[in-house]
Amino acid sequence: MSLVIRNVELEGCPGLHVRIEAGRIAAIGMEVAPGAAELDGRGGALIPGLVDHHIHLLALAARAASLDLSEVRDAGDFAGRIAAACAARPAGSWVRALGWHEALSGDVDRAALDRLAPHHPLRVQHQTGALWVLNSAALDALGAGHDPPGLDRAAGRLWRGDAWLRERLPNDPPPLAPIGARLAACGITAVTDASVTTDATAADLLAEAHRAGDLPQRLRLMSGGPLEAPGDGAFAVGPVKILLDDHALPGLDEMVAGIAGARAQHRAVAVHCVTAAELALTLAAFHTAGAAPGDRIEHGGVVPADAIAQLRELGLVVVTQPAFVSERGDRYLAEVETADLPDLYRCASLLNAGVPVAGSSDAPYASPDPWAGIAAAVRRRTAAGASLGLGEAVGPDAALGLYLDDPAAPGRRRRRIEPGVPADLCLLDAPLAEVLAAPSAERVAATLVAGRLVFSRTPV
Ligand SMILES: [Zn+2]
């Protein structure tokens, strides 16, 4: 089955046609043979499909089926939204609320949630995704025994307990098709899921969704423990994820052992580093254990200037989330020490120093829209319009490039459209320069994975 995409702009050249055969680019030129099917590019740019190098698919799907607390104004608003969600559901049915933050809603615990939701099992997730607060009905519904180390029953607090929750709530998998469709509409053709909690069960859910076409994107999965790739390639196995909590950092020996464990599985390592302390420990561990190609720093939330040379020396890639500047920047400006502000979510200074950088969303903890990330990487403006780290701004082409690398080599291998490569493509509705002048997912006209149309803005 052949497909020809007519009249596209490719790497600055207008009027080109692209022929696809057996899922790969077969020919590019001013003249190509007709295809069994044809798609009119109308002069828009054809670029490699975008890659989100750090996302949490199951959490994103769960969020879509949950009460969203991210816009709560104050404690009264928080209480009102919980009460309304309970009132809309029969007593005894689960209420899942996401995006809570104590700065706006106030601190909550089991007793406080019992007052708000006396008749519904309720679980409220902190905006970071690291903490759940559960009411008494939720703890009852989850049952006693085999408590994970992160569970404090008295306070109703569960740290890093997603795998335990999933085990206890097996009939609760969130639908993935809306997520696959939403990502396809943004031009995304591949994602790396960075969840430390991914185990064989979670990986099966994602693989099945991929096989069924619900998640058409190519999948690469990190995990905290061992993970085996399926024979049919429904997903590839990514680095071992090491998650750090700033309030309970492991010792250097434990970190070094973690890296050795990954090497024993022939895998790279991706370490969650949001704070300067987390980064310092991680760099020390890589100095001791040795870094390998593919090792990554996730977030790089705070990178002190003197850490930049070490990152380059170790050959580590920083997988950043540009949209945190726009989505969380106003809070950073209010809460982060002024002296630390230049270290927040660096981009240009890393690239200029020769440290590879790749782009991602960390969705659901920020919007999954990569075009919002591209705009934020260029503008470095908060939602309220303040500038944050203007010196870290990059040009539009470099910002787009953060999302174009091979998922197996983020920050290092920018994909190109050339004969022989898989036809993972994003067709825009205008030439690239015009789209990048005002980046928006609305400009995505069509998305193809392995030559198959997985999104089209207009019927074809
Ligand atoms: Zn993450």
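Residues numbered from 1 in each chain as written. Predicted model: local features only at pLDDT ≥ 70, side-chain atom pairs only at ≥ 80, totals over all residues. Heavy atoms only, no water.

Caption draft 1: Up close: the coordination of the zinc ion. For the zinc ion, the full set of protein donor atoms is His54 (NE2), His56 (NE2) and Asp362 (OD), and the range of their distances to it is 2.1 Å. Along the chain, the residues that donate to the zinc ion are spaced as H-x1-H-x305-D. Within this pair, whereas His54 is found in strand β6 (residues 50-55), its partner Asp362 is found in the loop between β19 (357-359) and α14 (370-379), the two being separated by 308 residues in sequence. Judged by relative accessible area, His54 falls into the buried class, the value being 1%. (Donors = N, O, S within 2.8 Å, 3.2 Å for Na, K, Ca; no water. Helix = DSSP H or I, 4+ residues; strand = E, 2+ residues; numbered from the N terminus. Buried < 20%, exposed > 50% of the residue type's maximum accessible area, 1.4 Å probe, protein only.)

Caption draft 2: Spatial organisation of the sheet that holds strand β15 (residues 236-242). With parallel pairing, the eight strands of this open sheet are ordered in space as β6-β13-β14-β15-β16-β17-β18-β19. The sheet is open, and its two edges are formed by β6 and β19, each paired on a single side. Each adjacent strand pair in this sheet contributes to an overall mean axis angle of 25°, direction not counted. Pairing analysis gives three bridges linking β15 to strand β16 (residues 269-273), with the strands arranged parallel. When the sheet's bridge partners are listed, Lys241 is paired in β16 with Ala270. (Pairing = 2+ DSSP bridges. Axes fitted to C-alpha atoms, helices over the stretch in contact; angles between N-to-C directions.)

Caption draft 3: Quick peek at the side chain of Asp362. No salt bridge is formed by the buried Asp362; its nearest oppositely charged neighbour, Arg328, is found at 5.5 Å. Discounting residues that sit within four places of it in the chain, Asp362 has contacts with His54, His56, His299, Gln321 and Phe324. (Lys, Arg positive; Asp, Glu negative; His and termini not counted. Salt bridge = Lys/Arg side-chain N within 4 Å of Asp/Glu carboxyl O. Contact = heavy atoms within 4.5 Å.)

Caption draft 4: Just helix α7 (residues 177-185), in detail. Of all the positions in α7, only Ile179, Gly180, Leu183, Ala184 and Ala185 are classed as buried. In the segment just after α7, Gly187 is the residue with positive phi, at about 85°.

Caption draft 5: Representation of the sheet that holds strand β5 (residues 46-48) within the structure. Reading across the sheet, the four strands line up as β5-β20-β21-β22 and stay open at both edges, with antiparallel pairing between neighbours. Of all strands in the sheet, those with a lone pairing partner are β5 and β22 (452-456), marking the two edges. Pairs of neighbouring strands in the sheet enclose a mean axial angle of 25°, with direction left out of account. By the bridge criterion, four bridges tie strand β21 (residues 444-449) to β22 in an arrangement that is antiparallel. Across the sheet, the residue bridging to Ala446 is Ser456, located in β22.

Caption draft 6: Inspection of the pattern of salt bridges at higher detail. Within this structure, the stated rule accounts for 20 salt bridges. In this structure, the salt-bridge partner of Asp77 is Arg73, at a minimum N-O distance of 3.8 Å. Residue class for Arg73 comes out exposed when judged on its relative accessible area of 59%. For Glu418, the salt bridge goes to Arg416, with nearest N and O atoms at 3.5 Å. The exposure class assigned to Arg416 is partly exposed, which follows from its relative accessible area of 44%. Salt bridges linked by common partners bring Glu11, Arg416 and Glu418 together as one network.

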